[in-house]
Amino acid sequence: MAYEIKPKDIKVILEIHDEHWEKLQPEMYSYKSAYSTDFWDKNRANTINTDMQITVQTSDAYGYIESYIASLFSRNPGVILKYDFRGRGDSRKASILVNEFLVKHRGTIEDASRLALIYPMSFIKLLPVDNVDLFKRMDMVALNCWDIILDRDAKRYNDMRFCAHRYYLTAESAKKKFGNKSFNWVSKKNYFDKYVHDLKEQLLEDNDDMFKYIEVIEFYDLVGDNIIFWSPQYAMGEKFLEKDMIPFRDIDDKPVLPIIPFYFNRQPDLPIDGYSAMKRIYDQIYETNLIRTFQANAVRKASRQYIVKRGTFDEESMAQVTSGIDGLFIEVDDEDISTVIRPVPQNPTPPELESYYRQVQSDKDKGSILAPFTRGESTRSSATEIAALAAYTSSEVGRLARERDATIEAISYAYVNILAMYMAEGDVKDVIVIDNKPAVVSEKDLRSSWTIFAQDQASTPISESVRKREFIQSIPVLQGLGVPPKTLLAELVRSLGLPEAFIEDMQAEQKAISAAKAGTAGEAIQPDVTELQQSIQPAGPNTLNQILQNR
């Protein structure tokens, strides 16, 4: 039996969520600082007691994350939609619309990927926007993991009883969305506010409308099939702002969530929690920054200093010594010149420091699944070893690519169903161009129990290079098997990223050849009268006998 969500239930869920992420806040800020090359910035330095004059930080964390992004997004995202066994929907029209949406929001998907690598996971949300163009009424944004409230008792994302998004609305937006209700305005709070100080509270006290907000919890009750809007700034949190049935539905009338999770790694015992890729190497980045900072300060203290016997040089002679003039002669009265001036001995940097630095770098490389040559580092590996490393790197990054593809497929499924809902309102239809011909798109074309596949599934630069080479080598075999040249050219253009004009030129040339052949065929020998009569007569036993006798 379904239970009913009440305002006090959302309060408790929000408290549990805040407590969980408050404990992880220092760790999350450490990862953010390392990626942003702000390791010693702000309050991070307070956790490291040091009297060093200068601080040095490396960009290892940035390079570590961006090496994954470069491998995972070598080309635009795309999907292939396959309609169900009942033949509902138009897969070609739906694929064109979905792929156009994905290409437009490629940057958002990359941003979500960065968040999912730096932090345990991230999320993507589809938002309705006002636009005259029907196909542009949805936007997509990347969300931080601490802004999404999950059912932490669930084992899988699809088994959750609820999911919610916490965000802030300005005073103008709140009144536009929920009407002229009475709100207790607050300033907008961010997750890392304790590390950043600003004047928002002072501006709120000065009654500046620009900085008036309300906190909104957009709560999806997946058991009761309801969407609930709740705010602690309305009615002391004792009432809902709004409550209605989840509007987004698929063809089977099941709710479709506009919030899509993005995981690259999961905790084995609790898959609802992700695992940060940055966490694997953070200790090594921490040690590297400390070693570099120690070395930088040691180098600056390694100045050349000298001890001089008192009274040996007068002021004029000392000025000549410190002037550093080449070929200068200075007279002294002492008989033993070796005792006049001596250099101050310098303590060399301990050799253990360099050895420890190499060990730290080795540990960091072990935490990365990318082989050194993929980062442009020179190695002494043989061709066989590099081939093995390439296969290993391709398989490991391919696993991450499969997680990326799963997210892209989930985005596509949500988009096509939400777009169909928009078209169902008022029975709206629109026109798109397919193969230079206009085609009408209706709700019926987008309604199906879609099976969605990401194009070039689990592809990486290495595996893609191998696939391109194998495809080019197999073209003669495909031609021998009867594959049309037009199909081969289309795949070649897509795989190698060639201009689409190649296909258009081929189509124009084929049309010209067909027209020439048609003109030539008109001058061919015309059939005689008997053949014409046989061609227009129905095929029966008598007719068949006459045809056979004539032959």
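Rules used in this analysis
Residues numbered from 1 in each chain as written. Predicted model: local features only at pLDDT ≥ 70, side-chain atom pairs only at ≥ 80, totals over all residues. Heavy atoms only, no water. Buried < 20%, exposed > 50% of the residue type's maximum accessible area, 1.4 Å probe, protein only. Helix = DSSP H or I, 4+ residues; strand = E, 2+ residues; numbered from the N terminus. Pairing = 2+ DSSP bridges. Salt bridge = Lys/Arg side-chain N within 4 Å of Asp/Glu carboxyl O. Axes fitted to C-alpha atoms, helices over the stretch in contact; angles between N-to-C directions. Contact = heavy atoms within 4.5 Å. Core = buried A, V, L, I, M, F, W, Y, C linked by side-chain atoms within 4.5 Å.

Peer 1: Teacher, can you tell me more about the pairing of strand β7 (residues 226–230) here?
Peer 2: Burial runs high along β7: 5 of the 5 residues are buried. Of the two faces of β7, the one holding Asn 226, Ile 228 and Trp 230 and the one holding Ile 227 and Phe 229 are both buried throughout. Summarising the sheet, β7 and strand β8 (residues 242–245) pair through 4 bridges and their orientation is antiparallel. Bridging from a neighbouring strand, Asn 226 pairs with Met 245 of β8.

Peer 1: So what exactly am I meant to see when it comes to the pattern of salt bridges here?
Peer 2: Proximity of charged atoms lets side chains of opposite charge pair with each other. If you walk through the whole model with that rule in mind, you get 20 salt bridges. The partner of Arg 249 in a salt bridge is Asp 253, with the nearest N and O atoms 3.3 Å apart. Within this structure, Asp 18, Arg 166 and Glu 215 form a network of salt bridges that share partners.

Peer 1: Explanation requested: the sheet that holds strand β5 (residues 162–170) in the structure shown.
Peer 2: Backbone hydrogen bonds are what pair the strands of a sheet, in a parallel or an antiparallel way. Pairing in this open sheet of 5 strands is antiparallel, and the strands run β4-β5-β6-β7-β8 from one edge to the other. Of all strands in the sheet, those with a lone pairing partner are β4 (148–150) and β8, marking the two edges. Pairwise comparison of adjacent strand axes, ignoring direction, gives a mean angle of 20 degrees for this sheet. Relative to β7, strand β6 (residues 213–221) runs antiparallel, the two being bridged by 5 bridges.

Peer 1: Help me understand the sheet that holds strand β3 (residues 138–144) in this model?
Peer 2: With antiparallel pairing, the 3 strands of this open sheet are ordered in space as β3-β2-β9. Each end of this open sheet is capped by a strand with a single partner; those strands are β3 and β9 (259–262). Neighbouring strand axes in the sheet, compared pairwise and without regard to direction, differ in orientation by 25 degrees on average. Pairing analysis gives 4 bridges linking strand β2 (residues 122–128) to β9, with the strands arranged antiparallel. Within the sheet, the bridge partner assigned to Ile 124 lies in β9 and is Ile 260. Lying over the sheet, helix α5 (residues 106–118) contacts β2, β3 and β9, oriented at roughly 15 degrees with respect to β3.

Peer 1: It is not clear to me how the side chain of Asp 445 should be interpreted in this structure. Could you clarify?
Peer 2: Along the polypeptide, Asp 445 turns up in helix α12 (residues 443–446). For Asp 445, a relative accessible area of 13% gives the class buried. The contacts of Asp 445, once residues within four sequence positions are left out, are Gly 89, Asp 90, Lys 93, Ala 94, Val 440 and Trp 450.

Peer 1: What am I meant to see in the nonpolar core here?
Peer 2: The tendency in soluble globular proteins is for nonpolar side chains to be buried side by side. If you look at the biggest cluster of nonpolar residues, it comprises 97 residues, and the most contacted ones within it are Phe 123, Leu 126, Leu 150, Tyr 157, Ile 411 and Leu 446. Each residue touching Tyr 157, except ones within four places of it in the same chain, is listed here: Phe 123, Leu 150, Cys 163, Leu 257, Ile 259, Pro 261 and Ile 272.

Peer 1: What exactly am I supposed to notice about the environment of Ile 80 here?
Peer 2: Secondary-structure assignment places Ile 80 in strand β1 (residues 79–82). Spatially, the C-alpha atom of Ile 80 lies 6.4 Å from that of Gln 455, the residues being 375 residues apart in sequence. What Ile 80 contacts, discounting residues up to four positions off in sequence, is Ser 95, Thr 451, Ile 452, Phe 453 and Gln 455.

Peer 1: What am I meant to see in the pairing of strand β11 (residues 270–274) here?
Peer 2: Sheet faces and side chains relate simply in a regular strand, where the side chains alternate between the two faces. Bridging between strand β10 (residues 266–267) and β11 involves 2 bridges; their strand directions are antiparallel. Pairing of Arg 266 across the sheet is with Gly 274, part of β11.

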